[in-house]
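Structural characterization, general
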Amino acid sequence: MLNKKECVAMLLAGGQGSRLYALTNKIAKPAVSYGAKYRIIDFPLSNCINSNIDTVGVLTQYQPLLLNDYIGNGQPWDLDRTFGGVHILPPYQGKNKTDWYKGTANAIYQNIVFMKRYNPEYIIILSGDHIYKMDYSKMLNFHKEKNAEATIAVIDVSLQEASRFGIMNTDSSMRIQEFEEKPVKPKSTKASMGIYIFNAELLYQYLEADAEDSHSQNDFGKNIIPNMLNDGKLMYAYPFSGYWKDVGTIDSLWEANMDLLGEEPQFNIFDKSWKIYSRNEAYPPQFICEGSKIENSLLTVGCYIEGHVKNSLLSENVRIGKNAKVIDSILFDNVVVEDGAVVEYSIIAENVVIKKQAKIGADRQQINKITVLGSEVTIDEHCQVIAGQMIEKDVRK
């Protein structure tokens, strides 16, 4: 093959995101809104194009429709290429049988043909449910310099947190000596980020062997990585020190959004040297009415504000009525908060209508429980949703 790519990215985006409950009942976790403008998948896709990786396979499975529509031909991320670009890779029917993706390794295995068509030297495996900015080209250079066969990105966590992660124990050169999955007594604080670079031909061999093993869980962390270590392959840990957040729970999603607020936010989405690309409909500019009040908040296009918004993030086309209050909350696209309604310490999914004088959630200083409204829910006038509830159906009088 004359045309080839040095590195192909495989982006795992098929997760159900069950710990996000009502927010992922109708959409895949990577399609969940974030930061009033973005969706979670915008970050790995933007990282790819900013790292000069222009061939990306997006592996979908659970509730893929919105995610497929959102990615489209990849144009917003400059991934609409004649050779390469972005490709949606759902499970499909083979000659002999049809298989759902059984695990992370099996999902990649089922798409070996896709990878091989670009004849890459390296494969980078990414997750579609993390918020971070990372230059993958630096990790690839590290991989080459070490003459590694596999490289795993790691981030330093506290010793108390280490038991929640896959932990890499390394020597002084960062060569991995041991991998422990959620160890009770961790020996190091180098936590796997779920980002892997493999020499392509070696990866194919291990994926094929894993597929033949009837006892395997078909998982990178549980099978592929331990098998390579046991075989003495040259595996290195690549240290990453920037912002990285796994937004797999309601609490972590809320925290990651709040990290964007303040004069010195923990995560900077305004960095012109590392732009985060997204697909947005052409809504009009936001409009802030006379008498309204906005404090320490992010608003995006199409918002119409007549009330009080504080310490919150509002996505596209959100409307806040007169004397309404939105505090410590995250509102996804097309939410309507009518006159006099109050929303506190909540995450409100797409197309929700909160009618006049309704009350959602409570002051987080008094009740530290996040309230969640699933998409397309209507809350009737004067109704109350108490703090910590997870609402997926209309609330009527």
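Residues numbered from 1 in each chain as written. Predicted model: local features only at pLDDT ≥ 70, side-chain atom pairs only at ≥ 80, totals over all residues. Heavy atoms only, no water.

Another aspect to go through is the overall build of the protein chain. When helices and strands are tallied, the protein chain shows 8 helices and 31 strands. Taking all 397 residues of the protein chain together, 56% fall into the buried category. The contacts of the protein chain with a sequence gap of at least 6 include a subset with a gap of at least 24, amounting to 59%. In the structure as shown, the protein chain presents an accessible area of about 18,200 Å², 44% of it carried by carbon and sulfur atoms. When the 42 basic and 49 acidic side-chain charges of the protein chain are each reduced to a single mean position, those positions are 1 Å apart. (Helix = DSSP H or I, 4+ residues; strand = E, 2+ residues; numbered from the N terminus. Buried < 20%, exposed > 50% of the residue type's maximum accessible area, 1.4 Å probe, protein only. Contact = heavy atoms within 4.5 Å. Areas by Shrake-Rupley, 256 points an atom, 1.4 Å probe, with all protein chains shown as cover. Lys, Arg positive; Asp, Glu negative; His and termini not counted. Charge placed at Lys NZ, Arg CZ, Asp CG, Glu CD.)

In space, the 6 strands of this open sheet follow the order β14-β17-β20-β23-β26-β29, with parallel pairing throughout. This sheet does not close on itself; its edge strands, each paired only once, are β14 (287-288) and β29 (378-379). By the bridge criterion, 2 bridges tie β14 to strand β17 (residues 304-305) in an arrangement that is parallel. Residue pairing in the sheet places I288 in a bridge with I305 of β17. (Pairing = 2+ DSSP bridges.)

Now for the side chain of T378. The topology assignment puts T378 in strand β29. The contact partners of T378, leaving out residues within four places of it in the chain, are V353, K355, D394, V395 and R396.

The 6 strands lie next to each other as β15-β18-β21-β24-β27-β30, forming an open sheet whose pairing is parallel. What marks the edges here is a single partner per strand, and that holds for β15 (293-295) and β30 (384-385). Of the strand pairs in this sheet, strand β18 (residues 308-310) and strand β21 (residues 325-327) are connected by 3 bridges, and their pairing is parallel. Counterpart to K310 in the pairing with β21 is I327.

The buried fraction of strand β4 (residues 55-59) is high, at 5 of 5 residues. Residues T55, G57 and L59 line one face of β4 and the alternating positions V56 and V58 line the opposite face, and both faces are buried. The sheet contact formed by strand β1 (residues 7-12) and β4 spans 4 bridges and is parallel. Each bridged residue has a counterpart across the sheet, and for M10 the counterpart in β4 is G57.

Here the focus is the pattern of salt bridges. Applying the stated criterion to the full structure yields 17 salt bridges. As a salt-bridge pair, K5 and D54 come within 3.2 Å of each other at their nearest N and O atoms. Separated by 49 residues along the polypeptide, K5 in the segment before β1 and D54 in the loop between α1 (42-50) and β4 bring together distant segments of the chain. E6 serves as the salt-bridge partner of K144, at 2.5 Å between the closest nitrogen and oxygen. Pair noted here: K144 is in helix α5 (residues 136-145) and E6 is in the segment before β1, with a separation of 138 residues, a long-range link. (Salt bridge = Lys/Arg side-chain N within 4 Å of Asp/Glu carboxyl O.)

This paragraph deals with α5. Among all positions in α5, only Y136, M139, L140, F142 and H143 are buried. Projected down its long axis, α5 shows its buried positions confined to an angular sector of 155°, all on one face. Across α5 from its buried face, at more than 90 degrees, point the exposed residues K138 and E145. (Arc of directions from axis to C-beta.)

Here we take up the side chain of T300. With respect to the helices and strands, the residue T300 is situated in the loop between β16 (298-299) and β17. Since its relative accessible area comes to 10%, T300 is described here as buried. The residues touching T300, leaving out its near neighbours within four places in the chain, are A36, K37, Q286, L314, S315 and E316.

In this section: α1. Counting buried positions along α1 gives 9 out of 9 residues, so the element sits mostly inside the fold. Here α1 has its buried residues at D42, F43, P44, L45, S46, N47, C48, I49 and N50. N52 sits one or two residues past α1 and shows a positive phi near 65°.

All right, on to the environment of H143 then. Considering the arrangement of structural elements, one finds H143 in helix α5. We classify H143 as buried; its relative accessible area is 1%. Leaving out residues up to four positions away in the same chain, H143 has contacts with Y122, A148, E149, A150, T151, I197 and N199. Polar side-chain contacts of H143 include one of 2.7 Å to the side chain of T151. (Polar contact = N/O pair within 3.5 Å; in protein donor to acceptor, adjacent residues only side chain to side chain.)

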